[in-house]
Amino acid sequence: MSHWITAGCVLVALSAPVMAQVEEIYLARSVPESFTTPTAFCAPGRIGFDGANFEGQYTFRSAATSATDGRIVDVNVKTIGSIHLCTGPAPDPKILNFYGEGFLGRTPFKGIGECRVRRDLPERGLNTNNCFLDLSGLPSQFVGGLMTTNSLTSLNRLGMETNPPGYTQSSIATVRLWKKRAER
C-alpha cells in the first residue's frame, strides 16, 4: 500500500511495509445430506468422548454477502467442502459433545468441541445450536484453527428446505485457520 505526500511541487510515494497474512477466514453454509446411527467412525478413541448418539454427513456451500452491509444474499453459491460429524450427550443436557472431520476447499481438518442447544426457537419444530470445533489435523503451514457455527434444524432433517418453511438449514459456519508466522 502506498501513501502519497507532496514535497514542494513533487509527489512522492511512501510505501508501507506489506504484512504477511497469517490467517485464512471462510464463511460457509452446511447442508445435511445423511444421518445414521453411529458407526465405527464415532468410536470413542477417535472422537474423544463416549456415547455418540448421532452421525451425520454435510456439504459446505459458499455464500455471497452484500458488500454494503455484510448481509448474506445467497447461501447456495457452490459446494466447497464437506464434514462428517458425531455428537453425543454431555453432563449438561443443553450441551452436546461435537466431533468432525472434513475438508474446506482442499484443506483437511479434524475438530473437537461442543454445541449449546435451544429447542423450539424461533418457533415450534425448529431447534437452534451454536457450536465450535477446535481444529487440528491441518496441513503443516497451519498452527491451528477454529470453526464456529450458528445452526438451525427443522422437522425436515435433510436438505435445504425447512419445515416450517422460510429458514436457512442448517449452519452458517465461520472458519479461521492460523498459519505459521515466518521467522523474524
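Every value quoted in this text rests on a predicted model; they were computed, and no experiment measured them.

Student: Could you clarify how one ought to interpret the confidence of the model for the chain in this entry?
Tutor: For the chain, per-residue confidence averages 90 on the pLDDT scale, and residues scoring 70 or more make up 88% of the total. Below pLDDT 50 for its whole length, residues 1-13 participates in 19 contacts with residues either more than four positions away or in separate chains.

Student: Looking at this model, I keep getting lost on the sheet that holds strand β8 (residues 95-104). Mind explaining?
Tutor: Strand pairing in a sheet is mediated by backbone hydrogen bonds. Such pairs are either parallel or antiparallel. Strands sit in the order β3-β4-β7-β8-β9-β10-β11-β12 around a closed barrel of eight strands; the barrel is antiparallel. Neighbour to neighbour, the strand axes of the sheet diverge by 25° on average, direction disregarded. With eight bridges connecting them, strand β4 (residues 54-62) and strand β7 (residues 79-89) associate as antiparallel partners. Bridge pairing in β7 places Gln 57 opposite His 84.

Student: Teacher, can you tell me more about the state of the cysteines here?
Tutor: Tallying each qualifying case throughout the model produces two disulfides. What connects to what in the chain, once the bonded cysteines are numbered by sequence position, is 1-2, 3-4.

Student: Is there a simple way to think about the pattern of salt bridges in this case?
Tutor: For side chains of opposite charge, pairing can occur when their charged atoms come near one another. Evaluation of the coordinates by the stated rule reveals four salt bridges. Its salt-bridge partner being Glu 23, residue Arg 176 comes within 2.7 Å of it at the nearest N-O pair. Here Arg 176 is found in strand β12 (residues 170-179), whereas its partner Glu 23 is found in strand β3 (residues 23-36), with 153 residues between them in sequence. The salt bridge partner of Glu 101 is Arg 46, with a shortest N-O separation of 2.8 Å. Pair noted here: Glu 101 is in strand β8 and Arg 46 is in helix α1 (residues 44-47), with a separation of 55 residues, a long-range link. A relative accessible area of 17% places Glu 101 in the buried class.

Student: Before we go on, may I ask you to explain the pairing of β4 in this structure?
Tutor: Most of β4 sits inside the fold, with eight of its nine residues counted as buried. Across eight bridges, β3 lies against β4 in antiparallel orientation. Its bridge partner lying in β4, Ser 34 is registered against Gln 57.

Student: Looking at this model, I keep getting lost on the nonpolar core. Mind explaining?
Tutor: Nonpolar side chains tend toward joint burial in soluble globular proteins. Ranked by internal contacts, the top residues of the largest apolar core, which has 19 residues, are Phe 60, Ile 83, Phe 109, Leu 135 and Met 147. Among the elements of the structure, β4, β7, β8, β9 (107-119), β10 (127-136), β11 (142-153) and β12 are those that each provide at least two residues to this core. The next biggest cluster of nonpolar side chains, apart from the first, holds six residues, and it includes Phe 41, Ile 47, Phe 49 and Cys 86.

Student: Please explain unusual backbone geometry as it appears in this structure.
Tutor: Both trends apply: most residues other than glycine have a negative phi, and most peptide bonds are in trans. The residue after Asn 163, namely Pro 164, is reached through a cis peptide bond having omega 5°. In this chain, Gln 169 is followed by Ser 170 through a cis amide linkage whose omega measures 5°. Mapped onto the elements, Ser 170 comes out in strand β12. Despite not being glycine, Asp 120 has its phi angle at roughly 55°, a positive value. The partly exposed category is assigned to Asp 120, whose relative accessible area is 43%.

So, how was this worked out
- Residues numbered from 1 in each chain as written.
- Predicted model: local features only at pLDDT ≥ 70, side-chain atom pairs only at ≥ 80, totals over all residues.
- Heavy atoms only, no water.
- pLDDT = per-residue confidence, 0-100.
- Contact = heavy atoms within 4.5 Å.
- Pairing = 2+ DSSP bridges.
- Helix = DSSP H or I, 4+ residues; strand = E, 2+ residues; numbered from the N terminus.
- Axes fitted to C-alpha atoms, helices over the stretch in contact; angles between N-to-C directions.
- Disulfide = S-S within 2.5 Å.
- Salt bridge = Lys/Arg side-chain N within 4 Å of Asp/Glu carboxyl O.
- Buried < 20%, exposed > 50% of the residue type's maximum accessible area, 1.4 Å probe, protein only.
- Core = buried A, V, L, I, M, F, W, Y, C linked by side-chain atoms within 4.5 Å.

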